[in-house]
Amino acid sequence: MSLRIHSLMGIQVLDSRGRPTVCARMTLSDGSVHKATVPSGASTGRHEAQELRDAGSPFSEKYFGGSSVYLAVANINNIIAPKLIGCQPDLLTVDTTLAKLDESTRHEILGANATLAISLVCAIAQAHAQQVTLARLFQPTGALTIPMPMVNILSGGAHAKGALDIQDVLVIAHGAQTIAEALSWISAIRERASQAGAARGFITNLVADEGGLGIPFSSTDEACAFVTDCITDVGLSLTSEVGLALDVAATQFFDQGNYISRSTGKVFSGDQWRDQIHSLLNNHPILSIEDPFAEDDWNQWAQFSQGLHRPVQVLGDDLFTTQATRLAKGVHEKSANSILIKPNQNGLVSKTHEVLLQAKAAGFTTVVSARSGESEDSWLSDLAVGWNAGQIKVGSTHGSERTAKWNRLLEIEATEESVFSKPF
Ligand code: PGA
Ligand code: ZN
């Protein structure tokens, strides 16, 4: 007997930053209960799907200074649920219904936080109905590929009150044979960074939004050198075992064609900034660089990607915002060679998957990513595995909202036939 949706509701819950977010709760005709909570970004791209918050509504003054999500919850309860109750939990059908209910390009009518919560809970319930894991809903047979993690060590930018100009210095344990080994290496590096930071007189028990250390370095060069020292201090090789990744999040400090360093006040033209990025790549073992230019500075992206001095993963986050049209432009203009895939930038699970497949077809690498505001859910790990994304980025090794994702990957590795992705 096929299962039906018995009840569906939205609930306002808290994310890892203590801000309101949307949880969708679905029960099926067998009495099973399924939930999905949507994440939320801080360094959001201008082109991403729009979450609906209550500023300007009757709720706005009363709760969370206008950032409450009661309107999105009401859209779930009053508009979406009546259409879906009694139907089978089928992701493609539900996403089609959601797209019809809100034909706006960025889900601004119902709110992308409402649509994504429903889309996710439906995928989770469908997996239950088919008696498989969420990962296996997308890849029913064969060995699963565990994604290579990209993990925050240092945080700056919008996530750590400007401790660094760039947003994150991360590491990739490309020489590890399993995710268990990768996380053990990275955990040691994170611990070493904490000790070395404390030895320099910084407070390192306070962490940034994604669990990285918010140590105020005077330059990105210094921050990169600090992390490479930590890697070698714990006995790991910078060539064969662990490399760096940067998330520049350059949109955050771009103004009228210039890139402005918040720490020094120095103003760089686009060309000068491109030279800065090249010099970072020349001086440090950087394997991947995310958002080195602003979200609409297409010209610099293309010049940079086509003028690389050595192979490097050029990763578009704010540039693409998990949107098919922006990715198509980037593929055409050779702006990058990799895309960050964030389900809440898109608003629907099936459409997010389509963007990932479009990227792979163009020869791009794909990095499934969490947001700075997260929940204890681990559906992202299942999606990254089931979609064979190859890489995943969920913040640091600290914070239960982060470890929920790592721990789900460790569980999949321990219980399923799997291989560890080797994108570098
Ligand atoms: P956000 O940051 O979730 O605050 O947008 C994550 C990222 O830029 O990758
Ligand atoms: Zn980013």
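This text goes with the structure placed above it.
Thresholds, definitions, all that
- Residues numbered from 1 in each chain as written.
- Chains lettered and ligands numbered in written order.
- Predicted model: local features only at pLDDT ≥ 70, side-chain atom pairs only at ≥ 80, totals over all residues.
- Heavy atoms only, no water.
- Core = buried A, V, L, I, M, F, W, Y, C linked by side-chain atoms within 4.5 Å.
- Buried < 20%, exposed > 50% of the residue type's maximum accessible area, 1.4 Å probe, protein only.
- Helix = DSSP H or I, 4+ residues; strand = E, 2+ residues; numbered from the N terminus.
- Domains from an automatic or database assignment.
- Contact = heavy atoms within 4.5 Å.
- Donors = N, O, S within 2.8 Å, 3.2 Å for Na, K, Ca; no water.
- Near = heavy atom within 4 Å.
- Polar contact = N/O pair within 3.5 Å; in protein donor to acceptor, adjacent residues only side chain to side chain.
- 1 Å grid on protein atoms, 1.4 Å probe; cavity = no way out; pocket = protein on both sides within 12 Å on 5 of 7 lines; lining within 4 Å.
- Sits in = over half its atoms within 2 Å of the grid points.
- Nonpolar A, V, L, I, M, F, W, Y, C, P; charged D, E, K, R; others polar.
- Points joined across faces, edges and corners; volume = space filled by probe spheres on them.

### Overview of the nonpolar core
Here comes step 1: Counting 119 residues, the largest nonpolar core has I118, L154, F226, V227, L246, V248 and W273 as the members making the most contacts within it.
Here comes step 2: With 10 residues, helix α3 (residues 112-129) is the single largest residue contributor to this core.
Here comes step 3: Counting residues domain by domain, this core receives three or more from each of domain 1 (5-131) and domain 2 (144-420).
Here comes step 4: If we skip the residues at most four places from it in the chain, I118 touches L8, A24, I76, I80, L84, V94 and L98.

### A word on the coordination of the zinc ion (ligand 2)
Here comes step 1: Protein ligation of the zinc ion (ligand 2) involves D247 (OD), E290 (OE) and D317 (OD), the donor distances falling in the range 2.0 to 2.4 Å.
Here comes step 2: Mapping the donors of the zinc ion (ligand 2) onto the primary sequence gives the spacing D-x42-E-x26-D. Highlighted residues: D247 in strand β7 (residues 243-247) and E290 in strand β11 (residues 286-290), separated in sequence by 43 residues.
Here comes step 3: Taking the relative accessible area as the measure of exposure, E290 reaches 1% and is therefore buried.

### Quick notes on the site of ligand 1
Here comes step 1: Close contacts around ligand 1 come from 14 residues, with A42, H159, R371, S372 and K393 the closest.
Here comes step 2: At a separation of 3.1 Å, an oxygen atom of ligand 1 approaches a polar side-chain atom of D247.
Here comes step 3: Taking R371, its side chain carries an N or O atom lying 2.7 Å from an oxygen atom of ligand 1.
Here comes step 4: Cavity membership is defined here by more than half of the atoms lying within 2 Å of grid points; on that basis ligand 1 lies in the largest cavity.
Here comes step 5: Its residues assigned to classes, the shell around ligand 1 comprises 2 nonpolar, 5 polar and 7 charged.
Here comes step 6: A domain-level breakdown of the shell around ligand 1 finds at least three residues from each of domain 1 (5-131) and domain 2 (144-420).

### Re empty space enclosed by the protein
If you roll a probe as big as a water molecule over the atoms, it shows you where there is empty space left.
Here comes step 1: Evaluated as defined, the whole model comprises 2 cavities of 30 Å³ or more.
Here comes step 2: One number sums up the size of the largest cavity: a volume of about 120 Å³.
Here comes step 3: Along its surface, the largest cavity is lined by 18 residues, and H159, E210, K342, A370 and K393 are the ones closest to its centre.
Here comes step 4: Per-element accounting of the lining of the largest cavity gives the leading share, 3 residues, to strand β15 (residues 390-395).
Here comes step 5: In this structure, the second largest cavity occupies an estimated 30 Å³ of space.
Here comes step 6: Lining the second largest cavity, in full, are H278, L281, N282, L308, H309 and R310.
Here comes step 7: Partitioning the lining of the second largest cavity into residue classes produces 2 nonpolar, 3 polar and 1 charged.

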